[in-house]
Amino acid sequence: MIEIFTPLDDLTIASLSAGDQVLLSGVVYTGRDAAHARMAETLRRNEKLPLELAGQVIYYVGPTPAPPGRVIGSAGPTTSGRMDAFTEVMLNQGLKGMIGKGIRNEDTVDLIAQYGAVYFAATGGAAALLAKRVVSCEVVAYPDLGCEAIHKLVVDKLPLIVINDTKGGDFYRKRVK
Amino acid sequence: MREVAVHNITESIASGCIEVCTQLPRDVYEALCSACLTESNPTAVSVLGQLVENADIARDENVPICQDTGLMVVFIDIGQNVHITGGYLADAVNEGVRQGYAQGYLRKSIVSHPLARVNTNDNTPAVIHTNIVPGDGLTIWLVPKGGGCENMSVAKVLKPSDGVEGVVKYIVDTVIQGGSNPCPPIIVGVGLGGTLEQAAILSKRAILRSIGSINPKEIDADLESRLMTEVNKTNVGPSGYGGDTTALAVFVESYPCHIASLPVAVTIQCHAARHKVIEL
């Protein structure tokens, strides 16, 4: 198991290969369908995003509300393929990592390699287990989107697997280099 | 005529929503445990281990198994000798969902229109299927259906000449196409026959069955067994990482159909196969 920390530096990203199991710690931002649509629209209008994406990692998740005494509810990954349409725009802002579940389309796999980024999967449906690795959670943008708002999470040893790497490797497509 | 007051329906649905989202049914839990022992792919074994641990945490700490606490699909079999009093049935169901999702800190995942996409913020409305049956019972099934696996579900009217081979190919292709997206290991609900909407409803009802149950109709039982083998040969595996455990079960429900048609619907259910029955 490889331990990695955010923000991810290029050397670390380049060292990761499809199929590697990693434990990721540090800040990650949540974002799913509605937040991506809004960020893409903001950029289309040449306006400023509510957060700096350069060097950051987005976790595709819409957590359940935190019950009293907990930092977050359950928080497992959502299907990443729905965010493929927005990925180039985000990579262009300097995004370096994505966490979700499920296959990316071929164009997105190529973009991930081209931009020197990485796509990780967390175990889909293991939301109660994954939430235990979340140390803190605060809404930093789009609070009106509820569970789809952008949350800043600090995670400690989030268990992930590298799906798409900088070499074009793809763990789902059994293209491991 | 037996009377059932709507407040009883609301209260049991409210508490049922919380229970169904936090406690994995025993048969599903046991199927995941067994798969840990039979699965040959080591990455798949570690995924299955996480899923068992996840179910333990959810049950012990009373938190949702999955952050996607779903759209609440509610099947209600109403005995024709039952009189529902004090209000309207659908209102009572939706009020139960509203209360359960608020009190249980469950995620609100419903938008009011598929194109306008504004969250209703209380997880209503539910999708309600009522069925009038003999007697004076009132049976409610709660099925919180997640988006990831519902998005991989399909329906199509095949030609009679497509036959069993066409049906098997359609279903297996659906599983392969879904791949990692619907959170395998999955449960495959198949609705065969009727009309397009009847097949789809049958496929949803099919996922209410307990793992290990076999369709009493021999022809459907044979299809279940064949599909289980074929689906588990796809090497999709847990989380789509490859392996022997792509499906925990395949359930087929059939109905007569038109001489010209062979409708088939496939409901893909993720491993968080949550469902609960309430008898009132």
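Residues numbered from 1 in each chain as written. Chains lettered and ligands numbered in written order. Predicted model: local features only at pLDDT ≥ 70, side-chain atom pairs only at ≥ 80, totals over all residues.

**Section: the environment of N123 of chain B**
All names here are of chain B. Structurally, N123 can be placed in the loop between helix 4 (89-103) and strand 4 (127-133). Take N123: there are 24 C-beta atoms within 10 Å of it, and that puts it in the buried class. Along the chain, N123 and Q99 lie 24 residues apart, while their C-alpha atoms are 9.7 Å from each other. Leaving out residues up to four positions away in the same chain, N123 has contacts with M72, V97, Y101, L106, K108, S109 and I110. (Helix = DSSP H or I, 4+ residues; strand = E, 2+ residues; numbered from the N terminus. Buried ≥ 20, exposed ≤ 12 C-beta atoms within 10 Å, placed from the backbone. Contact = placed C-beta atoms within 7 Å.)

**Here's the deal with the sheet that holds strand 6 (residues 154-158) of chain B**
Residues and elements named next belong to chain B. Strand order in the open sheet formed by four strands is 6-9-7-8, with mixed pairing between adjacent strands. Each edge of the open sheet is held by one strand with a lone partner, namely strand 6 and strand 8 (247-257). Strand-to-strand, the axes of this sheet are offset by a mean angle of 15 degrees, without reference to chain direction. Sheet topology note: the strand 6/strand 9 (residues 262-269) ladder contains five bridges and is antiparallel. For L158, the partnering residue across the bridge sits in strand 9 and is L262. (Pairing = 2+ DSSP bridges. Axes fitted to C-alpha atoms, helices over the stretch in contact; angles between N-to-C directions.)

**Side note on the nonpolar core**
Most often, soluble globular proteins have nonpolar side chains that are buried together. Residues and elements named next belong to chain B. Core analysis: the biggest nonpolar cluster contains 124 residues, and V74, V188 and V190 have the highest contact counts within it. Of the domains in this structure, domain 1 (2-20 + 65-145) and domain 2 (148-273) are the two that each give at least three residues to this core. Once you skip the residues sitting within four places of it in the chain, V188 turns out to touch I171, V175, L227, V231, A247, V250, V266 and I268. (Core = buried A, V, L, I, M, F, W, Y, C linked by C-beta atoms within 7 Å. Domains from an automatic or database assignment.)

**Remarks on unusual backbone geometry**
Residue and element names in this part refer to chain B. A cis amide bond links T124 with the next residue in sequence, P125, at an omega value of 0 degrees. Assignment of secondary structure puts P125 in the loop between helix 4 and strand 4. Residue P185 follows P184 across a cis peptide bond; omega there is 5 degrees. Assignment of secondary structure puts P185 in the loop between helix 6 (163-178) and strand 7 (186-194).

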